[in-house]
Amino acid sequence: MITDVLPSSCPIWVSPSLSVSIRSTSILPDSWRMIHKPESTILYVSSEGCIMLGFADPVADTIGMLRPRTEVWPSLRAAGTWALRFDTFPHVRIGGLVRGSCWLILEGHEPVLLEEGDTFLLGNPPPFVLAGTLDASPRPAERVWAAVDNGSVRIGPESEEDLHLCIGHIAFDDRNAALLTDLLPPLVIVRESDPHGRRLAQLIDLLATEVGAAAAGGPLVQSHLAQILLVHMLRAHAAQTDRPTGWLGALNEDGIGSALRAVHADVAHPWSLKELAEISHMSRSAFAQAFKRHVGVPPLEYLIHWRMSLARDALARDALSISELAQATGYLSESAFSTAFRRVVGSSPAQFRSQARQPRAAAIGN
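A brief structural summary. (Residues numbered from 1 in each chain as written. Predicted model: local features only at pLDDT ≥ 70, side-chain atom pairs only at ≥ 80, totals over all residues. Heavy atoms only, no water.)

## Focus on the overall build of the protein
Of the regular secondary structure elements, the protein holds 13 helices and 14 strands. In the protein, which comprises 366 residues, the share counted as buried stands at 51%. Across the protein, every contact between residues at least 6 apart in sequence was considered, and the portion connecting residues at least 24 apart equals 75%. (Helix = DSSP H or I, 4+ residues; strand = E, 2+ residues; numbered from the N terminus. Buried < 20%, exposed > 50% of the residue type's maximum accessible area, 1.4 Å probe, protein only. Contact = heavy atoms within 4.5 Å.)

## Quick notes on the sheet that holds strand β10 (residues 128–131)
Pairing is mixed in the open sheet, where five strands are placed in the order β8-β7-β10-β5-β11. Pairing within the sheet leaves two strands with one partner each, and these edge strands are β8 (112–115) and β11 (139–140). Sheet analysis places strand β7 (residues 101–106) next to β10, joined by four bridges and oriented antiparallel. Bridge pairing links Ile105 to Val129 in β10. (Pairing = 2+ DSSP bridges.)

## Some details on the pairing of β8
With burial as the criterion, only one face of β8 is covered, namely that bearing Val112 and Leu114; the residues Leu113 and Glu115 on the opposite face remain uncovered. With four bridges connecting them, β7 and β8 associate as antiparallel partners. The residue bridging Cys102 from the neighbouring strand is Leu114, located in β8. Following β7, the chain reverses through five residues before pairing antiparallel with β8; Gly108 in that reversal takes a positive phi of roughly 85°.

## Observations concerning helix α9 (residues 284–295)
Counted at 1.5 Å a residue, the expected span for α9 with its twelve residues is 16 Å, and the 16 Å between its end C-alpha atoms agrees. Those residues of α9 lying buried are Phe287, Ala290, Phe291 and Val295. An end-on view of α9 places all buried positions within 105° of arc, on one side of the element. α9 presents Gln289 and Arg293 as exposed residues on the side facing more than 90 degrees away from its buried surface. Its buried side turned inward, α9 meets α6 (246–250), α7 (254–265), α8 (273–279) and α10 (299–316). (Expected span 1.5 Å × (residues − 1). Arc of directions from axis to C-beta.)

## Examining helix α4 (residues 197–213)
With 17 residues, α4 extends 24 Å from end C-alpha to end C-alpha; this agrees with the ideal 24 Å at 1.5 Å per step. The complete set of buried residues in α4 reads Gly197, Leu200, Ala201, Leu203, Ile204, Leu207, Ala208, Glu210 and Val211. Residue Ala214 follows α4 closely and has a positive phi angle near 55°.

## Things to note about the environment of Ala356
When you line up the elements, Ala356 lands in helix α13 (residues 349–365). Exposure remark for Ala356: the relative accessible area of 14% places this residue in the buried category.

## Description of the pattern of salt bridges
Opposite charge on two side chains permits pairing when their charged atoms draw close. Taken as a whole, this structure holds nine salt bridges when the rule is applied. For Asp318, the salt bridge identified is with Arg353, shortest N-O distance 3.9 Å. With Asp318 in the loop between α10 and α11 (322–328) and Arg353 in helix α13, this pair connects stretches of sequence that are 35 residues apart. Assessed through its relative accessible area of 32%, Asp318 is described here as partly exposed. Measuring nitrogen to oxygen at the nearest pair gives 3.0 Å for the salt bridge that ties Asp318 to Arg357. Of this pair, Asp318 sits in the loop between α10 and α11 while Arg357 is found in helix α13, placing the two residues 39 residues apart along the sequence. (Salt bridge = Lys/Arg side-chain N within 4 Å of Asp/Glu carboxyl O.)

## Section: the nonpolar core
The biggest cluster of nonpolar side chains holds 54 residues, and the ones touching the most others in it are Trp247 and Leu260. In contact with Trp247, other than residues within four places in its own chain, are Pro58, Val59, Thr62, Leu179, Leu183, Leu260, His294, Val295 and Tyr302. Residues Leu76, Leu106, Leu122 and Ile189 belong to the second largest nonpolar core, which totals 26 residues. (Core = buried A, V, L, I, M, F, W, Y, C linked by side-chain atoms within 4.5 Å.)

Below you can see the structure in the form of structure tokens.
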């Protein structure tokens, strides 16, 4: 049996502009669409001619809202005794070994030996060191990268190089960065032997090749590859079930993941605990307990906070009127939306938008 849960009004698409956009078109079709699991009996559809606010996928939604800005550094090729110190950086460092091995030494953690094919991600990292040996004295990494030559920096004789490392960083929009960074531990390592490892190693190899090619469109390709690498690292981290990962890990739970995808697929729908529990094939009490255990907050609280995250993003870009935004996020009136926004954000939507306009006006004036 197909249950029609079309919202009474037409939701509105809001597409955050990325430095390199990964959201050029909506992935929601105009026809019937089933959420997550093929055995689910509840289907969802967007109104004909209407495009939903967001994707049916929490990872795509979140990364889209974060507007990732990527910078891929020239590859490091090294030989002999060496060590490089990296300063703190918001929000993510990401990299991997194309060839060789080295030590990663993160403050507050035991040194970790990285080997060929391994990839790593550091969330809001404190200062850290990459080194050929544990007894080497580190020097500032920025000084080494200042001597770039043909897409690479080198330590030691070129004829003796036994390490090829690719590294970059990804910064997010500060207003919403916590949506992802709060879920990440300081260090995620995916070994080549991991089920996701081979694919990640291939991406690192592609990225390193692109960095060294100096071909037309290189920065665009590098930025796309870095963002793809980030998504695959998040998948691998979420699959490490011995580590709590909030909503990211909850996506791997069949029932809870189905409910999360349903919420993101139709944020304007007036979701009830009963509906979400039915999607998850659980009782209301079991679903509420499982959702809070995996995600960290009750289901309807998650929905409200996600709606307000979308609202903050749209208001910051001045993309919609407040009445349009109320409609797009599932509120029956502008006043009801404004009350919810003030409760979560601490200011009215109009005040928030006015404050967001000030930096833009200053930038235009300069």
